[in-house]
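Analysis of the macromolecular model
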Amino acid sequence: ATLFKRVDWDGDGFVQGSEASELLSRSQLSRDVIAAVWDVADMNRDGRLDFREFVCMVHIVTCLLRGAPIPRPDQPPPPELMRALGELEPLEVLVAER
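Predicted model only: the values in this text are computed from it and were never measured.

Rules used throughout
Residues numbered from 1 in each chain as written. Predicted model: local features only at pLDDT ≥ 70, side-chain atom pairs only at ≥ 80, totals over all residues. Heavy atoms only, no water. Phe/Tyr/Trp six-rings, centres within 6.5 Å; stacked < 30°, edge-to-face > 60°. Helix = DSSP H or I, 4+ residues; strand = E, 2+ residues; numbered from the N terminus. Buried < 20%, exposed > 50% of the residue type's maximum accessible area, 1.4 Å probe, protein only. Salt bridge = Lys/Arg side-chain N within 4 Å of Asp/Glu carboxyl O.

Tallying each qualifying case throughout the model produces two aromatic pairs. Both rings, one in Phe4 and one in Phe51, keep their centres 5.6 Å apart while their planes meet at 80°; by these two values the pair is edge-to-face. On the criterion of sequence distance, the pair formed by Phe4 in helix H1 (residues 2-7) and Phe51 in helix H4 (residues 51-65) is long-range, its members being 47 residues apart. When sorted by exposure, Phe4 lands in the same class as Phe51, which is buried. Centroid distance Phe4 to Phe54: 5.3 Å. Interplanar angle 75°. Geometry classified as edge-to-face. Placement of the pair is Phe4 in helix H1 and Phe54 in helix H4, with a sequence separation of 50 residues. Here a set of aromatic residues connected by ring pairs shows up, and it is made of Phe4, Phe51 and Phe54.

To continue, consider the pattern of salt bridges. Scanning the entire structure with this criterion turns up three salt bridges. Arg26 is paired through a salt bridge with Glu22; the nearest N and O atoms lie 3.8 Å apart. For Arg26, a relative accessible area of 58% translates into the label exposed. Here Asp74 and Arg72 are joined by a salt bridge, their closest N and O atoms 2.8 Å apart.

This part is about unusual backbone geometry. A positive phi angle, near 65°, is found at Gln28, a position not held by glycine. For Gln28, the position within the fold is in the loop between helix H2 (17-25) and helix H3 (31-41). Residue classification places Gln28 among the exposed residues on the basis of a relative accessible area of 72%. The backbone of Arg45 sits at a positive phi, close to 55°, despite the residue not being glycine.

Encoded structure:
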């Protein structure tokens, strides 16, 4: 939750591509791979990531850095990940617990 808050520079509750670019560039993944990750994580296709979508993006990047295959943008995230994302506490609750 803290990482999301730090990346959401304007505090609107969403991470735009411009806000995520610095974080994603640290992964040293190619632009094409980063674009594919964004496409998978942006589940509602609104061009920005809410907290759950952001967590999905971070998870996918972590998996890729550990050798997992690049996800296909035309497939949803795995059911286990979707279940875990659905069970996440709201961002405000997580931040308040810190």
